[in-house]
Amino acid sequence: MRRFLRSGHDPARERLKRDLFQFNKTVEHGFPHQPSALGYSQSLRILAIGTRSGAVKLYGAPGVEFMGLHRETNAVVQIHFLPGQCQLVTLLDDNSLHLWSLKVKGGVSELQEDGSFTLRGPPGAAPSATQITVVLPHSSRELLYLGTESGNVFVVQLPAFRTLEDRTISSDAVLQQVESSQPGGGQSRAVCRLPEEARQRRVFEMVEALQEHPRNPDQVLIGYSRGLIVIWDLRASRVLCHFLSSQQLESVCWQRDGHVIVSCHSDGSYCQWPVSGDAPQPEPLRSCMPYGPFPCKAITKIFWLTTKQGLPFTIFQGGMPRASYGDRHCISVIHDGQQTAFDFTSRVIDFTVLTEADPAAAFDDPCALVVLAEEELVVIDLQAAGWPPVQPPYLASLHCSAITCSHHVSNIPLKLWERIVAAGSQQHTHFSTMEWPIDGGTSLAPAPPQRDLLLTGHEDGTVRFWDASGVCLRLLYKLSTVRVFLTDTDPSDSLNVQGEDEWPPLRKVGSFDPYSDDPRLGIQKIFLCKYSGYLAVAGTAGQVLVLELNDEEAEHSVAQVEADLLQDQEGYRWKGHERLCARPGPVRFEPGFQPFVLVQCQPPAVVTSLALHSEWRLVAFGTSHGFGLFDHQQRRQVFVKCTLHPSDQLALEGPLSRVKSLKKSLRQSFRRIRRSRVSSRKRRPAGPSGENGEAGAPAQARPRPLQGQEGAARPERAGVQSMELAPVQRRIEARSAEDSFTGFVRTLYFADTYLRDSSRHCPSLWAGTNGGTVYAFALRVPPAERRMDEPVRAEQAKEIQLMHRAPVVGILVLDGHNVPLPEPLEVAHDLSKSPDMQGGHQLLVVSEEQFKVFTLPKVSAKLKLKLTALEGSRVRRVSVAHFGSCRAEDYGEHHLAVLTNLGDVQVVSLPLLKPQVRYSCIRREDVSGIASCVFTKYGQGFYLISPSEFERFSLSTKWLVEPRCLVDSAETKSHSRPRNGSGPEKALDRTRNSGSQSDGEERRPGRVMEHALLNDERVLKEIQSTLEGDRGSYGDWRSQRVAVGYSLSNGGAE
Amino acid sequence: MNRSHRHGAGSGCLGTMEVKSKFGAEFRRFSLERSKPGKFEEFYGLLQHVHKIPNVDVLVGYADIHGDLLPINNDDNYHKAVSTANPLLRIFIQKKEEADYSAFGTDTLIKKKNVLTNVLRPDNHRKKPHIVISMPQDFRPVSSIIDVDILPETHRRVRLYKYGTEKPLGFYIRDGSSVRVTPHGLEKVPGIFISRLVPGGLAQSTGLLAVNDEVLEVNGIEVSGKSLDQVTDMMIANSRNLIITVRPANQRNNVVRNSRTSGSSGQSTDNSLLGCVQQVEPSFEPEDEDSDEDDIVIEDNGMPQQIPKAVPNTESLESLTQIELNFESGQNGFIPSNEVSLAPVASGTNTETHAPDQKLLEEDGTIITL
């Protein structure tokens, strides 16, 4: 137990803490990482996506979301909704079937796993005998037909997963019947030879397709991979008719009226077959190879859909000419003489077509094509001319270009919001106007209480503005900074201009584009003033742009200034990248945020901190060399300060040389591991006479009964055990002023406070460095009427050196009432009380290791909290948040929300620096998750759980954004609509969570090697930043929580 | 170092002892009762008296058995000088204002003669600049063993003092595993171990830490359950005043509490200690160790100054009960036999007076070594 908590144990405070703080992971935004399966329920109008890590996510109308996690982390291979029910079956790649259902509890639906099942064959059968290839949920709602690799079709009864062995449709029986049904001679002899041959070589192979007759539930279609398709009568257990194709079968589509079957094949062709009872072995009506005549790739899935107008839609995946377009991920749509091959930037996982839901309707009348690609979901409107894409309200691909930073702004004024939305709507004109077609379920979540913006900076130089107010993270507007610079590729070229007579008729769709023209364009810091509409963004090559919101298109030139941060430091050579070249002359900017000032730091190192004061019209920026202040009103540099330590050579080298050293260090660590493995192997025969660590190893290898709660600790221990193979050493040394990157500017802060004497307050700029130094500059900003005439002046007033020399990650000034100073213009807009300028101000400096409060203007130490000394954790993110009480409407407190390098989130009280609560949030190995975390002003936060997904969490009892939704099937319609409270299922969900939460701590021995490397956080960070592309291997699926209601009274702290 | 010293460590000899004292060119001879040498103050007065320099501030030195010139300026080194003098105690007196500090020290036997000639001929030009060894009252500890009485005998709590950046702490830690006795029997648990000592580093020079010592606590916080990185961060965060509790890999030099020497004043009663251990507070809260409070502020481009504390802190470092043994070899006339033998430490601890507010921080019971 930590000692510091013990001292202030006050029951009243404990109660209040329960009213203020509560930790919940509420919702995952973005696109699921590594999707592997798609399912859709026509009746529920709900889409399901399964992932390789065993998650299944359901999406309906905006706000209707569910998440379930299989206990196994196996990939979800198939998802099938049971017809007309709130149930679905998933097939995992370990050949297990899982039944899930949406159950209404206390007014909201919850996704639950009801049971699981693995198909067992007769004893001694080959594993492939029961390897499931196709699943057909029968419309009787209680039977599952399972096609297997052996060619047998097994029947399983739901919900108990009881195998009905007498109903199994064995491939032998089918073959026998097919043979016996041969008319015996005549013209069909040539065709009927094949099955005989087939039987010899067991070429029935696996079942590729299983379909129920659209009108007659007693008939199913079974397609075998070698090309035989039979229609099986379930009642009479006999083959009604069969079709034989000379090509390998890929998939089959049964037309709505049941009269025609369309099969697609591995050679890129598809065939139509007539179905009629009197001709048991019909010839194809039509056979076609859409992208022939040269060899084509397989058509893996096909839809043949009828319309009222008469002309059908043919939609199929693949089939492209092998040689020239074999590498494309295409889905072709053919209708009424039009043909388009939609070309996706990532692999197509699966697709489906949304059609008329009523099974009795005469036509399919497809309305939308839903394509799940590896990196995004694309929906195409099939009713509008030109088949435009539909903008999804959720499942946004956050990682269209890799996310490099994020910034959250709470409570956006309506005016600014509308202007941003308006600017964005002009960018979305290419989208269809169709209503989002997947609209199942009802969202019961209350309307978001305020408008929140999440801004993400991307590697390609864009900033995306997301509506983060509610459950659905929706793209509002995209800002590109590329236009300001001269890059190799002209931005206008990137539009895919396609010639008229191009064949195949490819059309690029989707927004996922992981390729960046120039890594220097990457956005590193964002600062938006929500009152003035000023935006500052800063990037990888030392570029700082100040932008202003303009509702009109405009053409103007951008003022350029160079900020020489090295000043008169001699003898330094920057070995990194060159600065970006600004485009000379006026540039045309579309409506939205338009840059008007460009400051380029010299050397062009990545901008590491940024602050904007819209009232004083000042922008401050810092790099690893120093920091500067720029007056964007007069477009004049106020000052620059070099923070570089003369001995710090590393800071002068660019990122390139650091990559080299990273490679070297990686190589070394691999060598070390290898070496130590070899040596331990050599030593083994000598017996356990080694040193301390070595000696114990054999004892551990023997299995030992688990004892009580130690069971949970075992995997971790095992991990530590195997790590002895590669003992990682850590050097213990005090930080010195000569360490590298001490000059790195970590934080910048504007404050109107008592910097020099207690009688006069003045504007000030504070900067904190990696070496534990805080600089304070007194600023003189001319009054508004002379703002353009007199220069802004700055003078260094203070310099504080923290003796522990840990990086300064946060600076904050508290007013006389211990309230953090308001944001600029906040008071002017009557949104905040003006700060108390009577009492003494206090300065809070947060380093990675300590929180310290100093008095102002005379700097004397008042309070501190030594976090690292006590817990061994370091501060990664800190932000002031207002925590409202869930009991008293108007009661709230300002505290610090803190994220540590161990992935814990904590609340530290202001001004007394008492730790309040602590929750474990992110796995400590998930460095990119920890690095991506942003806090909101009201105690929520976001972090990346994969390159494409943000997890949203809340520390507050009051501000909680999570899905609450209801899905009615026909049967559950009778359920009464719920009221709000929903206490009991909270507890239920907890139990589910606790079952799985422990695997957060768990480390499987197999991952030790990875762990050993991951442990070296610095190395990992380097890898992350350099090999941005595949950083997603540590998806955090710990949060199993499904749609959960919350009751405001249920504010138990964990 | 103001505690009462045990007498007569070398008091096997009897009778009087001859003293030969030199000040400038003058010699005085007198004798002392070897068994009752008295206090340093008295001896200092006696020297001033015999040399007839009552109001002159002087430095007193003596030649020890190795011929090194060592200072006498407190009871401890005075008694040491008396007890080791055989047969004659040779005293050298210098005026403080013209003192040649460099003459003091142990240097080498080769320099021995020079040392004496330097004193004899103060105007002798030195060829090489000597390391200036300040007077013992200016000495500061670089390491110490503390809380010996409240720790299990198998543990050692070491305090490393890091002043400025002159000397690196100089050690590395690693993951490992150790075996504990728990209610469920023997259990292997992950642990943190010292993996390497940097030659010339503070850790090595103390002789109190060694490779494969298991780290149990860092500044009063147990490390069990913490990762290597966490412990690294904790140590670095405390690097200016690092207190490490270790279970030495070599258990042969442990403090043996029961075989204490007798006769010292203010001796703690170890038997009762075990009883009172449980209910009292730990001897040092991390909040107490504010030696890193010396953040510096530079106001208006003025001179750097230390940041004062806004609220006076009544607790200070000195209030901690501890034994501070200086192991910088040979300084202060207190010569440890070598780095391995810690017998003086052991006996010294037993003479310690302990405030009641000491506590055993170890809760994990018996610990066995393989």
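Residues numbered from 1 in each chain as written. Chains lettered and ligands numbered in written order. Predicted model: local features only at pLDDT ≥ 70, side-chain atom pairs only at ≥ 80, totals over all residues. Heavy atoms only, no water.

Per an unreviewed UniProt entry, chain B carries the name Partitioning defective 6 homolog beta and comes from Mustela putorius furo. UniProt, in its Sequence similarities (unreviewed entry) section for chain B, records the words "Belongs to the PAR6 family." (UniProt positions renumbered as here; feature names shortened; annotations may be inferred.)

For chain A, the name recorded in an unreviewed UniProt entry is LLGL scribble cell polarity complex component 2, with Mustela putorius furo as its organism. Chain A has a UniProt comment under Sequence similarities (unreviewed entry) that states "Belongs to the WD repeat L(2)GL family."

(A) Summary view of the overall build of chain A. A tally of regular secondary structure across chain A gives 14 helices and 63 strands. With 1054 residues in all, chain A has 58% of them scored as buried. Sequence-distant contacts in chain A: of pairs separated by 6 or more residues, those separated by 24 or more amount to 61%. A total accessible area of about 42800 Å² is found for chain A, and carbon and sulfur atoms account for 49% of it. (Helix = DSSP H or I, 4+ residues; strand = E, 2+ residues; numbered from the N terminus. Buried < 20%, exposed > 50% of the residue type's maximum accessible area, 1.4 Å probe, protein only. Contact = heavy atoms within 4.5 Å. Areas by Shrake-Rupley, 256 points an atom, 1.4 Å probe, with all protein chains shown as cover.)

(B) Inspection of the side chain of Lys17 of chain A at higher detail. All names here are of chain A. With respect to the element layout, Lys17 can be found in helix H2 (residues 11-20). Its relative accessible area of 10% is what places Lys17 among the buried residues. For Lys17, the side chain forms a polar contact with the main-chain oxygen of Gln916, separated by 3.1 Å. Setting aside anything within four residues of it in sequence, one finds Lys17 in contact with Gln916 and Val917. (Polar contact = N/O pair within 3.5 Å; in protein donor to acceptor, adjacent residues only side chain to side chain.)

(C) View of the pairing of strand E56 (residues 875-884) of chain A. Residue and element names in this part refer to chain A. For E56, the tally of buried residues reaches 7 of 10 residues, placing the bulk of the element in the interior. Pairing geometry for E56 and strand E57 (residues 892-900), over 9 bridges, is antiparallel. The residue of E57 that forms the bridge with Ala881 is His895. (Pairing = 2+ DSSP bridges.)

(D) Layout of unusual backbone geometry. Residues and elements named next belong to chain A. Here the bond from Gly292 into Pro293 is cis, since omega is 5°, no more than 30 degrees from zero. In this structure, Pro293 sits in the loop between strand E21 (286-288) and strand E22 (299-305). Note the cis peptide between Leu910 and Pro911, where omega equals 0°. Relative to the elements of secondary structure, Pro911 occurs in the loop between strand E58 (904-909) and strand E59 (915-920).

(E) Local environment of H2 of chain A. Residue and element names in this part refer to chain A. Taken together, the buried positions of H2 are Arg13, Lys17, Asp19 and Leu20. What you see down the axis of H2 is that its buried residues fit within an arc of 160°, all on one side. Its side-chain oxygen placed 3.1 Å from the backbone nitrogen of Ala12, Asp10 serves as the N-cap of H2. (Arc of directions from axis to C-beta.)

(F) Molecular detail of the nonpolar core. Residues Trp766 and Phe851 of chain A together with Phe171, Ile173, Val215 and Met235 of chain B are the most contacted members of the largest nonpolar core, which totals 68 residues. Broken down by element, this core gets its largest block of residues, 6 residues, from strand E52 (residues 808-814) of chain A. Counting 34 residues, the second-largest nonpolar core is a separate cluster that includes Leu416, Ile523, Leu549 and Ala582 of chain A. (Core = buried A, V, L, I, M, F, W, Y, C linked by side-chain atoms within 4.5 Å.)

(G) A look at the packing of aromatic side chains. In total, this model carries 29 aromatic pairs over all chains according to the counting rule given. Judged by centre distance (5.1 Å) and plane angle (25°), the ring pair of Tyr59 of chain A and Tyr394 of chain A falls under stacked. With Tyr59 of chain A in strand E4 (residues 55-59) and Tyr394 of chain A in the loop between strand E29 (389-390) and strand E30 (403-409), this residue pair connects regions lying 335 residues apart in the sequence. For Tyr394 of chain A, a relative accessible area of 2% translates into the label buried. The interplanar angle of 50° and the centroid separation of 6.5 Å between the aromatic rings of Phe30 of chain B and Phe43 of chain B together place this pair among those described as tilted. Highlighted residues: Phe30 of chain B in strand E2 (residues 26-33) and Phe43 of chain B in helix H1 (residues 40-51), separated in sequence by 13 residues. Take Phe30 of chain B and Phe43 of chain B: they sit in the same class, and that class is buried. An aromatic cluster of at least three residues, connected via ring pairs, comprises Phe23, Tyr919, Phe935, Tyr943 and Phe953 of chain A. When the ring centre of Phe351 of chain A is taken as origin, the NZ or CZ atom of Lys301 of chain A, which lies over that ring, is 5.4 Å away. (Phe/Tyr/Trp six-rings, centres within 6.5 Å; stacked < 30°, edge-to-face > 60°. Lys NZ or Arg CZ within 6 Å of the ring centre and 35° of its normal.)

(H) Region of the structure containing the sheet that holds strand E62 (residues 949-956) of chain A. Residue and element names in this part refer to chain A. If you walk across this open sheet you meet the 4 strands as E1-E62-E61-E60, and the pairing is antiparallel. Both edges of this open sheet fall to strand E1 (21-30) and strand E60 (934-935), since each of them pairs with a single strand only. Alignment of strand E61 (residues 940-946) against E62, held across 6 bridges, turns out to be antiparallel. The partner of Phe942 across the bridge, within E62, is Arg952.

(I) Focus on the UniProt feature "domain: Lethal giant larvae homologue" (unreviewed entry) in chain A. This chain's UniProt record puts "domain: Lethal giant larvae homologue" (unreviewed entry) on residues 289-388 of chain A. Taken as a whole, residues 289-388 of chain A contains 4% helix and 45% strand, while its terminal C-alpha atoms sit 26 Å from one another.

(J) Representation of the sheet that holds strand E6 (residues 76-81) of chain A in the model. Residue and element names in this part refer to chain A. A sheet is described by the order of its strands in space; here 4 strands give the open sequence E6-E7-E8-E9, paired in antiparallel fashion. A strand with exactly one partner marks an edge of an open sheet, and here the two such strands are E6 and strand E9 (108-118). Looking at each pair of strands side by side, their axes are set apart by 25° on average, direction ignored. As judged from the 10 bridges shared by strand E8 (residues 96-105) and E9, these two strands associate in the antiparallel manner. Each residue of the ladder has a partner; that of Ser101, found in E9, is Gln112. (Axes fitted to C-alpha atoms, helices over the stretch in contact; angles between N-to-C directions.)

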